[in-house]
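Now for the letters of each chain:
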Amino acid sequence: MQHNLFTTMRSLKLAEGCKGTQVYALNPSAPPPPPPPGNSGGGGTGGGVGDKLLQHLQDHLRVNSVRSKSSRTYLPPIQANAVVSPESLLPCGLPDTDLLEPQIDPCLKFVDLVEKMAEVYRRIDDCPQLEKSGAYLEQCAIFRGLSDPKLFRRSLRSSRQHAVDVHAKVVLASWLRYERREDELIGTNSMDCCGRNLECPKATLVSGYDPESVYDACVCSGASRSEMNDDDVPECSTSEEELDYDMSFCIGDEEVRCVRYKIASLSRPFKAMLYGGFRETKRGTINFTQNGISVEGMRAAEIFSRTNRLDNFPPNVVLELLKLANRFCCDELKSACDSHLAHLVHSLDEAMLLIEYGLEEAACLLVAACLQVFLRELPSSMHNPNVIKIFCSAEGRERLASLGHASFALYFFLSQIAMEDDMKSNTTVMLMERLVECAVENWEKQLAYHQLGVVMLERKEFKDAQRWFNAAVEAGHLYSLVGVARSKFKRDHRYSAYKIINSLISDHTATGWMHQERSLYCSGKERLLDLDTATELDPTLTFPYKFRAVALVEENQFGAAISELNKILGFKASPDCLEMRAWISIGKEDYEGALKDIRALLTLEPNFMMFNWKVHADHMVELLRPLAQQRSQADCWMQLFDHWSSVDDIGSLAVVHDMLANDPGNSLLRFRQSLLLLRLNCQKAAMRSLRLARNHSKLKHERLVYEGWILYDTGHREEALAKAEESISRQRSFEAFFLKAYALADSTLDPKSSDYVIQLLDEALRCPSDALRKGQALNNLGSVYVDCDKLDLAADCYTNALNIKHTRAHQGLARVYHLKNQRKAAYDEMTKLIEKAQNNASAYEKRSEYCDREMAQSDLSLATQLDPLRTYPYRYRAAVLMDDHKENEAIDELSRAISFKPDLQLLHLRAAFYDSMGEGASAIKDCEAALCIDPGHADTLDLYHKAREPNATDQK
């Protein structure tokens, strides 16, 4: 018999000790809260700002907005064909260099990232098995600050794989689920299982270390004991007539007959009571009225003493048994009750109802189950004041800690979500304070102190920010000196800020972010020189480009300003740079260009606020639309085709955004949007578009394809294949066959597998689709044919793709010509791609393979200029320098790129160079850093073992 948790528990009254402080509304007009006390070490936060604010905080939604509504500026709409001036569209005027400053990264950042990665790899490799989960969590914190989210997710999976206790499994599995943002998928439940033990909500509640089983299929398909019906529960073979009842407990006017030795077996206190020479030993009836248990509860205890089963009891009776077990130290009964109640928790309401009982009765598994629901309901559960009370208050953390459920991992997870939601909120501050309290290891303190400093800086609490940044520096995080300097600068100590960063540059190998920060405290040519040096050392930093562009605007050089921003937007789709380019475009009355950039910006960040957070980007679209060319949906499709063919991804994004404004429920357009975002390396935004595509799709087979892509792009290849196969079983479609072929091709293919992928792509091409997607399928098919050495078939595929204007097929056709020893034809083919493509850095890079060394050097120099993130040009130039016996110059060439992009191939090549130069220690360090990125990279592993052999011999 199944029992409804709520109907049986509504009347239960929580013990007074379970009740927490009532949470009250925050008065927006109230004065700012007092700063948290403490010393510069930042260790104690018990009396911090979060706890003092907790009594004022009830409606989290009221403080959840990053910018209050009163700070927004709303401009009147513009009529079509109206004559407007740029001033009417720019409430804040043109951008001002004095108002520009770069944000401080809330993640860990290192002067020598390679050394840190090598250190973490050694820690993971050397530490005991039961400590690996924590080591991988540190790796997560390091990878969080890098641009590739796949590295972070892989480390998070490894941390979950090696988790030992239930708490760690619950937190890490919930975090993995959150990374896919399945909460945004309509029709899913937070407790839905992905089919593997890794994230299974039932598997996480099983303690123990078993890293080999996490990727196995879980047992969710089978019914658990708590889910059995009455007919499924085996009956006790002994009838009441056959039992040797020899005593009874009297509760009120009723008696509960029991078997003495069975009750005695429940615990030592019961055994002492019934057999220890006390008065109860000689009595056949024992008065149990004053022991806080009902007749139903005592009968249940009697049945459990004989059967060790709780299946037929309603939740309120099991809770009584839990209290009885605690009072009389019945360990087995308590464990059974704890497990039984834990498996009843499936929703947020149930978790809120039961967690207080779990905390009161020290039921660890029940609290874990409730905690799991809270975490799997994120981020929406963060808006529940009762959940906030449990997580944010010092008292709540202490209660969780008493049962082993307050950890650095938990508050690391929660603080990341809070910062994404609203970095300035009181909730974020309180969670950061709890994070500080949980920090034990040095890297944990560095992260906790630094993040709290960043939050305080955003809140303009500069004195407190400086204190936390100082604490992070004392813990060994040098990047936090940037926060110390910025806090001093905000308090008008400009020269002091300058000295701090100047000393940092003098004492360490200079990095781009050091010179960028020092530029804030300089002026004139010195500032521009620092910014130029910052770009030279790290071309991915956006602030220097923005500053130079605005400086040009102040000199009335709008065209040069746009060109400056084009440099970084050519390889990095940065929302702040898109905003700046749109801002300047409005100033030069290029409304079409401004509208394009704002549409692309909204695709990346739908809630973006422009002009120093004054105007919502959506509102600017409405203002600019009448000033731009009006297009029908058919015109937009043609324009999308043109942008796609010319490899103009930002232009394509803008057109898709325009089309979605007229047809927001078009799942096909959402999917196209996700593909463009992936090409721009904007994975977070791409996943959001995929989720929207899935939610808007009205056909089951389409939804399965989109779900498959979500799984594939988050590292779940096998699950993605299963979705594709299920979709095909329902209806044969281009996208289902394409997904299956793509997922299968993502591995080293043997001839048989290659033939199967070819067959799948052929099937895809037979299904209806548009030219954009068919061109991609033909291109992929050509690549598989090349790998199979079927060059004529490959050439046909690429030619057919070019006939429908799939411009990227020029590259594949060039490869075919090259393999046929037609180098001139290959070079000419790549030249055609360069002429057609707006983003052509990859084309220059590829063309360099089909010409002599001097021309190759020229092409690769252009490739680096257009996209400094492409690593092949650095490797080529370094190899040429090594061939010319210029070893130090070769090392410098690689080091230049590694300093802002610690790439696996770059690190491996530099390690090989060091090894050939006899610098074993440097080779080992680079190998360890490379293996931190990919621990299974065979070539690096071979080089690593080779480099370590002489050292091992020397130590012997």
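Residues numbered from 1 in each chain as written. Predicted model: local features only at pLDDT ≥ 70, side-chain atom pairs only at ≥ 80, totals over all residues. Heavy atoms only, no water.

The chain goes by BTB domain-containing protein in an unreviewed UniProt entry, where it is assigned to Thlaspi arvense. Quoted straight from UniProt, the Pathway (unreviewed entry) entry for the chain says "Protein modification; protein ubiquitination." (UniProt positions renumbered as here; feature names shortened; annotations may be inferred.)

1. Quick look at the overall build of the chain
Secondary structure summary: the chain contains 49 helices and five strands in total. When burial is assessed residue by residue, the chain has 55% of its 956 residues classed as buried. A fraction of 61% describes how many contacts in the chain between residues 6 or more apart in sequence connect residues 24 or more apart. Summed over its atoms, the accessible surface of the chain is roughly 41,700 Å², and 48% of this surface lies on carbon and sulfur atoms. (Helix = DSSP H or I, 4+ residues; strand = E, 2+ residues; numbered from the N terminus. Buried < 20%, exposed > 50% of the residue type's maximum accessible area, 1.4 Å probe, protein only. Contact = heavy atoms within 4.5 Å. Areas by Shrake-Rupley, 256 points an atom, 1.4 Å probe, with all protein chains shown as cover.)

2. So, the packing of helix 28 (residues 575–587) against helix 29 (residues 591–604)
The geometry of helix 28 relative to helix 29 is characterised by a closest axis approach of 8 Å and an angle of 160 degrees between their N-to-C directions. Regarding the angle of helix 28 to helix 29, the classification is roughly antiparallel. Between helix 28 and helix 29 lies a crossing of left-handed hand. Residues Pro 575, Leu 578, Glu 579, Arg 581, Ala 582, Ser 585 and Ile 586 of helix 28 form the contact with helix 29, whose own contacting residues are Tyr 591, Gly 593, Ala 594, Lys 596, Asp 597, Ile 598, Ala 600, Leu 601 and Leu 604. A breakdown of the residues in the contact of helix 28 with helix 29 according to their chemical character gives ten nonpolar, two polar and four charged. (Axes fitted to C-alpha atoms, helices over the stretch in contact; angles between N-to-C directions. Parallel < 35°, antiparallel > 145°, perpendicular 65-115°, else oblique. Left-handed = near helix turned anticlockwise from the far one by under 90°. Nonpolar A, V, L, I, M, F, W, Y, C, P; charged D, E, K, R; others polar.)

3. Comments concerning helix 11 (residues 295–307)
For an α-helix the count is 3.6 residues per turn, leaving residues at separations of three or four pointing the same way. Taking 1.5 Å per residue, 13 residues should reach 18 Å; helix 11 reaches 18 Å between its end C-alpha atoms and fits that length. The set of residues buried in helix 11 consists of Val 295, Gly 297, Met 298, Ala 300, Ala 301, Glu 302, Phe 304 and Ser 305. Considering only its buried residues, helix 11 is in contact with strand 1 (247–251), strand 2 (254–258), helix 8 (260–264), helix 12 (315–327) and helix 13 (331–342). Just downstream of helix 11, Asn 308 is the residue with a positive phi angle, here 55 degrees. (Expected span 1.5 Å × (residues − 1).)

4. Quick look at the confidence of the model for the chain
Note: predicted coordinates in regions of low pLDDT should not be interpreted at a detailed level. Residues of the chain with pLDDT of at least 70 account for 88%, and the chain-wide mean is 88. For the stretch residues 1–71, pLDDT sits under 50, and the model shows 155 contacts to residues farther than four places along the chain or on other chains. For the stretch residues 222–241, pLDDT sits under 50, and the model shows 22 contacts to residues farther than four places along the chain or on other chains. (pLDDT = per-residue confidence, 0-100.)

5. Re the layout of surface pockets
What the second largest pocket holds in volume is close to 480 Å³. In this structure, the second largest pocket is lined by 21 residues; those nearest its centre are Glu 182, Cys 193, Glu 707, Leu 711 and Lys 723. Mapped onto the lining of the second largest pocket, the elements with two or more residues apiece are helix 7 (166–180), helix 35 (700–713) and helix 36 (717–730). Its residues placed into classes, the lining of the second largest pocket shows seven nonpolar, one polar and 13 charged. (1 Å grid on protein atoms, 1.4 Å probe; cavity = no way out; pocket = protein on both sides within 12 Å on 5 of 7 lines; lining within 4 Å. Points joined across faces, edges and corners; volume = space filled by probe spheres on them.)

6. What about the UniProt feature "repeat: TPR" (unreviewed entry) in the chain?
The UniProt entry lists residues 775–808 under the feature "repeat: TPR" (unreviewed entry), expressed in the numbering used here. Across residues 775–808 one finds 76% helix and 0% strand; the C-alpha atoms that close the span lie 9 Å apart.

7. Digging into the sheet that holds strand 3 (residues 285–287)
Strand order in this open sheet of three strands is 2-1-3, and the pairing throughout is mixed. Each edge of the sheet is formed by a strand with only one pairing partner; in this case those strands are strand 2 and strand 3. Averaged over neighbouring strand pairs, the angle between their axes works out to 25 degrees when direction is ignored. Direction of pairing for strand 1 relative to strand 3: parallel, over a ladder of three bridges. Paired with Cys 250 across the strands is Asn 287, a residue of strand 3. Sheet strands in contact with helix 11 are strand 1 and strand 2, and its direction is about 5 degrees off that of strand 2. (Pairing = 2+ DSSP bridges.)

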